[in-house]
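Structural overview
In case you want the letters, here they are:
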Amino acid sequence: DTGVSQDPRHKITKRGQNVTFRCDPISEHNRLYWYRQTLGQGPEFLTYFQNEAQLEKSRLLSDRFSAERPKGSFSTLEIQRTEQGDSAMYLCASSLEAGRGHYYGYTFGSGTRLTVV
Amino acid sequence: RKEVEQDPGPFNVPEGATVAFNCTYSNSASQSFFWYRQDCRKEPKLLMSVYSSGNEDGRFTAQLNRASQYISLLIRDSKLSDSATYLCVVNPEGGYNKLIFGAGTRLAVHP
């Protein structure tokens, strides 16, 4: 499978627990993005990486959220002390930024659906 | 005011109908525009980019009016398989960095 993979597909957790999601981008893609989507809304940008560097973080990404991409390949998104308002679909996407504003293959993964009870 | 606004619908249309969706965006400096399609509980998928000159892909036609900050999508000869949520998407910075999504317009095509 050469698409964007996300794991797990579903996660149910109790309020206050920590959770971590993983995203494996398309292998040749140097950019990786995280979005969050709640019911009835479009995806909201959270953060993105160029290789291992985190270049932008949304104000939506509170201090309970942290994202890493240590070797410029897969990425993890951790939520500490989860709250019921964190319940959402967490989407990862990747693309190849080839310089001079040229980009290719912006592709979303199937997402991780988080339910905080 | 939301950065990208769409009529949430739903639009319920019979097969074969023509349906149009509209979208407005607030950042006049926005550079790139797209329509995405999202099926229930699935990830969004690119339907088409939107260019100032307007563009067409089969039964789908997209238009951009920069002066009015308005984007449209026209679907002709609707099929049952067109039933989905259509997301208007803007990249305020050009390139392909963060995407700003509207809340989506639901389309239901019935026999």
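So, here's what we can say about the structure. Since we're looking at a predicted model, the values are computed, not measured. (Residues numbered from 1 in each chain as written. Chains lettered and ligands numbered in written order. Predicted model: local features only at pLDDT ≥ 70, side-chain atom pairs only at ≥ 80, totals over all residues. Heavy atoms only, no water.)

Turning our attention to the pairing of strand S4 (residues 32–38) of chain B. Residue and element names in this part refer to chain B. Most of S4 is tucked away: 7 of the 7 residues are buried. Residues Ser32, Phe34, Tyr36 and Gln38 of S4 are buried on one face, and the alternating residues Phe33, Trp35 and Arg37, pointing to the opposite face, are buried as well. Here S4 pairs with strand S5 (residues 45–50) via 5 bridges, running antiparallel. Each residue of the ladder has a partner; that of Phe33, found in S5, is Val50. Between the antiparallel neighbours S4 and S5 lie 6 residues, among them Arg41 with a positive phi of about 65°. (Buried < 20%, exposed > 50% of the residue type's maximum accessible area, 1.4 Å probe, protein only. Helix = DSSP H or I, 4+ residues; strand = E, 2+ residues; numbered from the N terminus. Pairing = 2+ DSSP bridges.)

Below, the discussion takes up the interface of chain B and chain A. Tallying the contact residues gives 17 residues for chain B and 20 residues for chain A. The contact between chain B and chain A buries some 1600 Å² in all, and 53% of this surface belongs to carbon and sulfur atoms. Joining chain B to chain A, the criterion identifies 1 salt bridge. At the boundary of chain B with chain A, the tally comes to 4 residue pairs in polar contact (both at pLDDT 80 or more). In the side of chain B that touches chain A, the residues fall into 8 nonpolar, 4 polar and 5 charged. (Contact = heavy atoms within 4.5 Å. Buried area = accessible area lost by both parts, 1.4 Å probe. Salt bridge = Lys/Arg side-chain N within 4 Å of Asp/Glu carboxyl O. Polar contact = N/O pair within 3.5 Å; in protein donor to acceptor, adjacent residues only side chain to side chain. Nonpolar A, V, L, I, M, F, W, Y, C, P; charged D, E, K, R; others polar.)

In this structure, Phe21(B), Trp35(B), Ile71(B), Leu73(B), Ile75(B), Tyr86(B) and Leu107(B) are the most contacted members of the largest nonpolar core, which totals 24 residues. Those elements that place two or more of their residues in this core are strand S3 (19–25), S4, S5, strand S7 (60–65), strand S8 (70–75), strand S9 (84–91) and strand S11 (105–110) of chain B. For Leu107(B), the residues in contact, after removing those within four places along its chain, are Phe11(B), Val13(B), Val19(B), Phe21(B), Ile75(B), Asp82(B), Ser83(B), Ala84(B) and Tyr86(B). Counting 19 residues, the second-largest nonpolar core is a separate cluster that includes Phe21(A), Trp34(A), Leu61(A) and Ala67(A). (Core = buried A, V, L, I, M, F, W, Y, C linked by side-chain atoms within 4.5 Å.)

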